[in-house]
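# Coordinates in review
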Amino acid sequence: MKKLLLLLFLCPLLAMGQNQSKDEDQIKAVILKTFSAMKSVDSVALKSCFMSNAMLHISQVKPEGNTVREVPAAKFIQNVMTRKPGDMDERVLSWGPILIDEEIATAWVPYEFYFNGKFTHKGIDVFIFVKSGNEFKIKTLLYNMHQ
């Protein structure tokens, strides 16, 4: 009887862990797809990573203080499309925490950025995801840039 009760208790926990892992894998895949689409200048793939009303927020520390620029994802995608394949190469340095609660998630991702094969900056990407149907999409991307 004790074994049956223990099994009944553990089964939901194991299932939650599997779903969490599946969601984390999906979130990582969306991030990698975003970077790959930027590098290959693939507007269809890049657009599929973002919600239609997604926003990017770029934080920069300047001598006069910190500034944050806001750019609609649609404008960001248009900008990427003006590049040649291979111009933009954003690379994940490591996977920071990915936090998920049902249909919302965040991911903290240290990155390096290369333009035309040359290192230009590094920083942190902070993604906010919302589950749309069965897939996570980027709602907000906040990032900073360091030399």
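Everything here concerns the structure above.
None of the values given here were measured: they were computed from a predicted structure.

This paragraph deals with the packing of aromatic side chains. Per the counting criterion, the structure on display carries 5 aromatic pairs. The interplanar angle of 25° and the centroid separation of 5.7 Å between the aromatic rings of phenylalanine 127 and phenylalanine 129 together place this pair among those described as stacked. We note that phenylalanine 127, like phenylalanine 129, is buried. Both rings, one in phenylalanine 129 and one in phenylalanine 136, keep their centres 6.4 Å apart while their planes meet at 85°; by these two values the pair is edge-to-face. For phenylalanine 129, a relative accessible area of 0% gives the class buried. Among the aromatic residues, ring-to-ring pairing joins Phe127, Phe129 and Phe136 into one connected group.

Looking now at the pattern of salt bridges. Summed over all chains, the structure comprises 4 salt bridges. Put simply, aspartate 89 and lysine 39 hold a salt bridge, and the shortest N to O gap is 3.6 Å. Of this pair, aspartate 89 sits in strand E3 (residues 88-92) while lysine 39 sits in helix H1 (residues 2-40), and the two are 50 residues apart along the sequence. Aspartate 89 gets classed as buried once you look at its relative accessible area, which sits at 11%. Ionic pairing is found between glutamate 135 and lysine 137, a salt bridge with its closest N-O pair at 3.5 Å.

Definitions and cut-offs
Residues numbered from 1 in each chain as written. Predicted model: local features only at pLDDT ≥ 70, side-chain atom pairs only at ≥ 80, totals over all residues. Heavy atoms only, no water. Phe/Tyr/Trp six-rings, centres within 6.5 Å; stacked < 30°, edge-to-face > 60°. Buried < 20%, exposed > 50% of the residue type's maximum accessible area, 1.4 Å probe, protein only. Salt bridge = Lys/Arg side-chain N within 4 Å of Asp/Glu carboxyl O. Helix = DSSP H or I, 4+ residues; strand = E, 2+ residues; numbered from the N terminus.

By themselves these figures say nothing about function.
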